[in-house]
Amino acid sequence: MRVLFINPPCFSYLRYGKDLGKLGPTTEPLGLAYLAASVREWANEEAEVLDAEALRLSTDDIVRHVVAGKYDLVGVAMLTPLYLHSVKTFEAIKKALPHIPTVVGGAHATIMAEETLQANNTIDYAVVGEGEETIVDLVAVIKGNKKVEEVPGLVYRNGVEIVRNPDRKVIMDVDSIPWPARDSLPMEHYRPTVSYYRRLPSYFVMAARGCPYRCHFCSQVIGKQTRIHSSERIIAEMEFLYSKYGAKEIVIEGDTLTYNKRKTMELCEEIIKSKLHKKLAWVASTRVNCVDEELLRVMKEAGCWQLSFGVESGVQRLVDHINKKISLEQVERVFKMAHRIGIETRAFFMLGLPTESYEDSLQTIAFAKRLKTYWAQFTVTIPYPGTALFEM
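Being a predicted model, the structure only gives us computed values, none of them experimental. (Residues numbered from 1 in each chain as written. Predicted model: local features only at pLDDT ≥ 70, side-chain atom pairs only at ≥ 80, totals over all residues. Heavy atoms only, no water.)

Counting 76 residues, the largest nonpolar core has Phe5, Ile135, Met238, Ile250, Trp282 and Leu296 as its most contacted members. The element contributing the most residues to this core is helix H12 (residues 328-341), with seven residues. Setting aside residues no more than four positions away along its own chain, isoleucine 250 makes contact with Ser202, Tyr203, Val205, Met238, Leu241, Leu280, Ala281, Trp282 and Val283. (Core = buried A, V, L, I, M, F, W, Y, C linked by side-chain atoms within 4.5 Å. Buried < 20%, exposed > 50% of the residue type's maximum accessible area, 1.4 Å probe, protein only. Helix = DSSP H or I, 4+ residues; strand = E, 2+ residues; numbered from the N terminus. Contact = heavy atoms within 4.5 Å.)

Put into structure tokens, the structure is as follows:
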């Protein structure tokens, strides 16, 4: 059996505009690479990823690839901003191959699974939440070895009816998940956004899943319980990217890397012990209430040169309104501390929050300037489905 996972074409200039598109990232679709690896290792079937964005493929190019590959199941990623691109991809594939089974996954498909299938008859299945175990079960369904109603985390068609099976529990032992199938990705085409690296190549390593916080702008589609990879797993992937693909830097990805101080200290100490910090520099993202001076100093010694923080607003009333659970005093203290230790900072801000006035926006910009952060990124607030912000 052959399975293909597609990252639909949504190029940087479409997301950021003609000028800023040059600065936008093209990053590895690790979610799809994890699915491909799971099908290979847990289902013992062939699987690969087609990254149409990185390869600059048109919809016609994708269809030609699918037809030539003679696949038995095709999946397409769907985030809310990618919705129309994903739908267009499904429609083109079904037009060429009407009987091929299709499956959608990703944040939008998780939050609005039934609505997505109801609106698009070219999609047969939707995977809700983490997909590694569900996609393996779906492969068994396609092969006739499992009943579709027995698969947790799956939404599917039964004639004209859309059926939602019970949700699947999250994978607690994240080390049990196979390494992402990076051999199926065009690794030479990837780079983070320009503020995330000093030297290329720079690649992503997933260190943790889930976040215990309840910010109103986040949908938390992969669970609220933080599950962290072992230091051994993270370091092994970093070493692999260094030796196999010549990585000079790593983006250690996780909603809140430093939520568990003990584990982060352990990771940094193991990086230093293995001398990996002499080969690779790295960056990460976290929260101002999840770091202290001791941790920042160890992270700096282990090769961390930048930390990104979600500040969101320079108005405490708005920070509280979106349930961020931090104070602006904490923000200023942590930014000064990081700069003193030698770690650069990157701050994310949202403009146009509910009840925000023009004067509030100016206050946020002034606060960003006062922080003396190395990078400040301002984005217009968009209430995505599945968030508390969407329901306001």
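Before going further, it helps to spend a moment on the sheet that holds strand E12 (residues 281-286). Think of a sheet as strands paired side by side through backbone hydrogen bonds, with each pair either parallel or antiparallel. Taken in spatial order, the six strands of this open sheet run E8-E11-E12-E13-E14-E15, and their pairing is parallel. Among the strands making up the open sheet, the edge pair consists of strand E8 (202-206) and strand E15 (375-380). With strand direction ignored, the average angle separating the axes of adjacent strands in the sheet is 20°. (Pairing = 2+ DSSP bridges. Axes fitted to C-alpha atoms, helices over the stretch in contact; angles between N-to-C directions.)

Further remarks concern the environment of glutamate 249. Along the chain, the position of glutamate 249 falls in strand E11 (residues 249-253). For glutamate 249, a relative accessible area of 2% corresponds to the buried category. A sequence separation of 62 residues divides glutamate 249 from methionine 187, and the C-alpha atoms of the two residues are 14 Å apart. Each residue touching glutamate 249, except ones within four places of it in the same chain, is listed here: Tyr196, Tyr197, Arg198, Arg199, Pro201, Ser202, Tyr203, Leu280, Ala281 and Trp305. Of note is the side chain of glutamate 249, whose polar atom sits 3.2 Å from the side chain of tryptophan 305. (Polar contact = N/O pair within 3.5 Å; in protein donor to acceptor, adjacent residues only side chain to side chain.)

For the rest of this paragraph, the subject is helix H8 (residues 231-245). Side chains that are three or four residues apart share a direction in an α-helix, a result of its 3.6 residues per turn. Here H8 is 15 residues long and its end C-alpha atoms lie 21 Å apart, about the 21 Å a rise of 1.5 Å per residue gives. Every buried residue belonging to H8 is among Ser231, Arg233, Ile234, Ile235, Glu237, Met238 and Leu241, and all of these are buried. For H8, the elements touching its buried residues are helix H2 (30-42), E8, E11, helix H9 (261-273) and E12. One or two residues past the end of H8 sits glycine 246, with phi positive at roughly 70°. (Expected span 1.5 Å × (residues − 1).)

This part is about the pattern of salt bridges. For the structure shown, the criterion picks out 24 salt bridges. Taking the shortest distance from any N to any O, the salt bridge between arginine 164 and glutamate 114 comes out at 3.2 Å. Here glutamate 114 lies in helix H6 (residues 113-119) and arginine 164 lies in strand E7 (residues 161-164), a separation of 50 residues in the sequence. In this structure, glutamate 237 and arginine 233 form a salt bridge, with 2.9 Å as the shortest nitrogen-oxygen distance. You can see glutamate 237 and its partner arginine 233 sitting in helix H8, four residues apart, about one turn around the helix. Classification of arginine 233 as buried rests on a relative accessible area of 7%. (Salt bridge = Lys/Arg side-chain N within 4 Å of Asp/Glu carboxyl O.)

Take helix H7 (residues 132-143) next. Its 12 residues give H7 an end-to-end C-alpha distance of 17 Å, which sits within 8% of 16 Å, the value for a rise of 1.5 Å per residue. Turning to H7, its buried residues are Glu132, Thr134, Ile135, Val136, Asp137, Leu138, Val139, Ala140 and Val141.

This part takes up the packing of aromatic side chains. Summed over all chains, the structure comprises six aromatic pairs. A ring pair is formed by tyrosine 203 and tyrosine 245, whose centres lie 6.1 Å apart and whose planes are at 70°; its orientation type is edge-to-face. Of this pair, tyrosine 203 sits in strand E8 while tyrosine 245 sits in helix H8; the two residues are 42 residues apart in sequence, bridging distant segments of the chain. A residue is classified by how much of its surface remains accessible, and tyrosine 203, at 4% relative accessible area, is buried. Relative accessible area serves as the criterion here: at 21%, tyrosine 245 is assigned to the partly exposed category. Ring centres of phenylalanine 349 and phenylalanine 378 lie 5.1 Å apart, and the angle between their planes is 15°; on these two criteria the pair is classed as stacked. (Phe/Tyr/Trp six-rings, centres within 6.5 Å; stacked < 30°, edge-to-face > 60°.)

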